[in-house]
Structures are given as structure tokens and as C-alpha cells.
Amino acid sequence: MEYGRTFNFNKPHLRYNPLKEEYVLVCANRLKRPWQGGDEKLLDRSEATYDKNCYMCPTNKRANGKINPAYKNVYIFDNDYPALLSENTEDYIEDPKWKEAKNVRGFCRVLCYTPLHNETMGKMKIEDIKLVVDAWQEQINELESVDFIKYVQIFENRGGVGNSNPHPHCQIWAVDFIPDDLTKETNGQKKYFTNNKRCLLCDIVKDELIEIERIVFENESWLILVPFWAVWPYETIVIPKQHISHLSGADNKSKLDLSEALKMLISTYDALFDVIMPLSFGIHYVPKGYDGMHESWHLHIHFNPLLLRSKSVRKFMAGFEMFAVPQRDITAEDAAKKLKEIIENIK
Ligand SMILES: [Zn+2]
Ligand SMILES: [Zn+2]
Ligand SMILES: [Zn+2]
């Protein structure tokens, strides 16, 4: 490795933070993208099922001139302003002391859940949500088959959070590195497995089903709970009751049950403060190539909603949380109780 080689900082790259031993992804190329979300404001559910200015609605023209088909359920396309590029650039900086940066490659796709602009997962039919879950599974399998891809992160920002368009959709970012959060979770689960000879999340499922107080919802295959260590006020984690390390391990019944769980959870969040809940969710599963980890790695979905007390009171991670450790005002048990009360009324 040589130091001082030309490095194009306008291309997507990772920079290493040796203070915290973690990476930051820099995508200066992204500034060109349009921002349809407006300023930080919560979204009211629009009445219109079609918006002529939305680049995700069927038959509309996108930024690159392509026309969306008159799609009927899910629709996937490559992001017109991708944060990541698939081209191979092998620039890097690694100085013998502390400076380290390397180009990254990947793909960014958009997955529209439905042609209906004003739909939400909470109102969709379970069979239609199942088509979304099927598409997640197919996309992960397809993108993981690309040689250089190491992880496929599926996530959604909704309700005006880092979200440039209210049309119901999630994003799929396939990257050529293992993101820090996945490394940490791999290590945490591995350590537990080594010490106990059992899977951590299998144990959590078993224990929480006995304790009950943090459970928000369960069906035959999935459990939704406010994790004991929750950071965001109404944070939840969605876990398969059976040990599944990768989404490809979810069969039809499991996917249908997951679709029901997602519908219940989203509609509960939207009912909590009577507003489309601003939140992010992301799916975590065993990274590609971690073949010896399938026993210790348990698939799960994190839901981090941003509201604290009402539709106008947001939780911020600032001050002590930014510089020391996150802090929360209500206990995980109280949050679970409140979410459970709502879900009981919806059922
Ligand atoms: Zn739309
Ligand atoms: Zn497990
Ligand atoms: Zn996780």
C-alpha cells in the first residue's frame, strides 16, 4: 500500500475514525439529488392516490428520463441519484500513522410497495405486504450473488425522516464492505454463543415469552418487543421465533406472518400520536461469507421511531447522548405497555 496516491474524494468512500475505531461513508456525489420531502416536517397522509410530481408513481417520468411502468404491486428500480456506484475504483489512502480512506462500490435501489401514492404499510392488505417481503428476499439473494457485494442493507425512512418522497417505499443499499453495526452484532452474538452454547436471540425470545412485559405483539412465527436495552422511546425489534439467520431461511408461512406483524406494528405506531410516525427500520441478518456464524446469528428487524411524547415532540440524540451514552425518559416496559394497549384495540 502506498501513501499519497491520487484520491477522488467526490467518489463514494469510507474514511476510518481511529478515535472510535469505526467508519464513516462519504458520498459527496449525492448532493445533486432532488429533495421532495421539504424541510423537517411531518407528513400528513395525503388523500391523493396519485401525484403527478412523484417520481415513484406509475407512468411518471424519472430524473433520468425513464418512464415508470403502470405497475400493480411492487416496483423496483435503480436509484437515479445513487449514493453508491458499481464501478470499480481502487483508490485508497493508508498512511502509516492514522489516515485511511478507501473507495467503495455498491448498488442503490428503490422498492415501491404499491402504486398508491398515499398508502401505508399499516393499511395495506397482508397479501400485498407479503409481496414486499418476497421482493426483499429476492433482492438480497440477487445482490448477494454479485461477487464484490458483502452486505445488502434493506431499510425504510418514513414520515419525513431523511426521506425525500412520501410514496411508500424502502431502499436497498448493497455494499462491498461489512457495515460497523453488523460487525458489532456479529461479535456480540458470537461471544454469547461461545459462552453459553446457545443463540442469544433464541434465548431472548424464550425469556421474553415468560416475562411478557416487553412484548408488544406475537403470532405463530414472529415476536415484536421493546428490547430491554431500547434507546429510542418506542423502539422495537421484530424477531422470528424460530432460529433463522438469513432472510432466505423464511418460508411462505413465516413471510406471511411477518407481513401481519409489520402491518400491526406500523398501524400501531401511526395510532400512537395520531400521525404518520417518522421512523427508520432496517433488516439485519448474517453477512455473506460468515459461514460459521449461522448458529449464532439470528435475523431481526430494528424499528426506531423518532417521536417521544406527541406528534410535535421529537426525541433528539444530543448533548450527553451525542458525546457519552444515549439516555431515555420512559422505561422499555412502559413503552411496551402503551404500544400493546394500542395494538389490542387495532386487532
Ligand atoms: Zn407517488
Ligand atoms: Zn437464534
Ligand atoms: Zn441488529
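All values derive from a computational prediction rather than experimental measurement.

Colleague: Which residues make up the coordination of the zinc ion (ligand 3), and what values do they have?
Modeller: Donor atoms from the polypeptide that coordinate the zinc ion (ligand 3) comprise Glu 185 (OE), Glu 185 (OE), His 284 (ND1), His 300 (NE2) and His 302 (NE2), at 2.0 to 2.2 Å from the metal. In terms of primary sequence, the donors binding the zinc ion (ligand 3) are separated according to E-x98-H-x15-H-x1-H. Taken together, the residues His 284 in strand E12 (residues 279-284) and His 300 in strand E13 (residues 300-305) connect sequence positions 16 residues apart. Residues His 284 and His 300 agree in their burial class; the two are buried.

Colleague: Before we move on, can you summarise helix H1 (residues 126-144) with the specific residues and values?
Modeller: Turn by turn, an α-helix covers 3.6 residues, leaving residues three or four places apart pointing in a common direction. The terminal C-alpha atoms of H1 lie 27 Å apart, and with 19 residues this matches the ideal 27 Å at 1.5 Å per residue to within 8%. Inspection of H1 places Ile 129, Lys 130, Val 132, Val 133, Asp 134, Ala 135, Trp 136, Gln 137, Gln 139, Ile 140, Leu 143 and Glu 144 among the buried residues, and these make up the whole buried set. Contacts made by the buried residues of H1 are with strand E3 (75-78), strand E6 (106-112), strand E7 (151-158), strand E8 (169-175), helix H4 (252-272) and E12.

Colleague: Please give an account of the packing of H1 against H4 that cites residues and values.
Modeller: Between H1 and H4, the least distance of the axes is 8 Å, while the angle of their chain directions is 115°. The handedness of the crossing between H1 and H4 comes out as right-handed. In contact with Ile 126, Ile 129, Lys 130, Val 133, Asp 134, Trp 136 and Gln 137 of H1, H4 contributes Asn 252, Lys 255, Leu 256, Leu 258, Ser 259, Glu 260, Leu 262 and Lys 263. Looking at the contact of H1 with H4 residue by residue, the classes come out as seven nonpolar, three polar and five charged.

Rules behind the numbers
Residues numbered from 1 in each chain as written. Chains lettered and ligands numbered in written order. Predicted model: local features only at pLDDT ≥ 70, side-chain atom pairs only at ≥ 80, totals over all residues. Heavy atoms only, no water. Donors = N, O, S within 2.8 Å, 3.2 Å for Na, K, Ca; no water. Helix = DSSP H or I, 4+ residues; strand = E, 2+ residues; numbered from the N terminus. Buried < 20%, exposed > 50% of the residue type's maximum accessible area, 1.4 Å probe, protein only. Expected span 1.5 Å × (residues − 1). Contact = heavy atoms within 4.5 Å. Axes fitted to C-alpha atoms, helices over the stretch in contact; angles between N-to-C directions. Left-handed = near helix turned anticlockwise from the far one by under 90°. Nonpolar A, V, L, I, M, F, W, Y, C, P; charged D, E, K, R; others polar.

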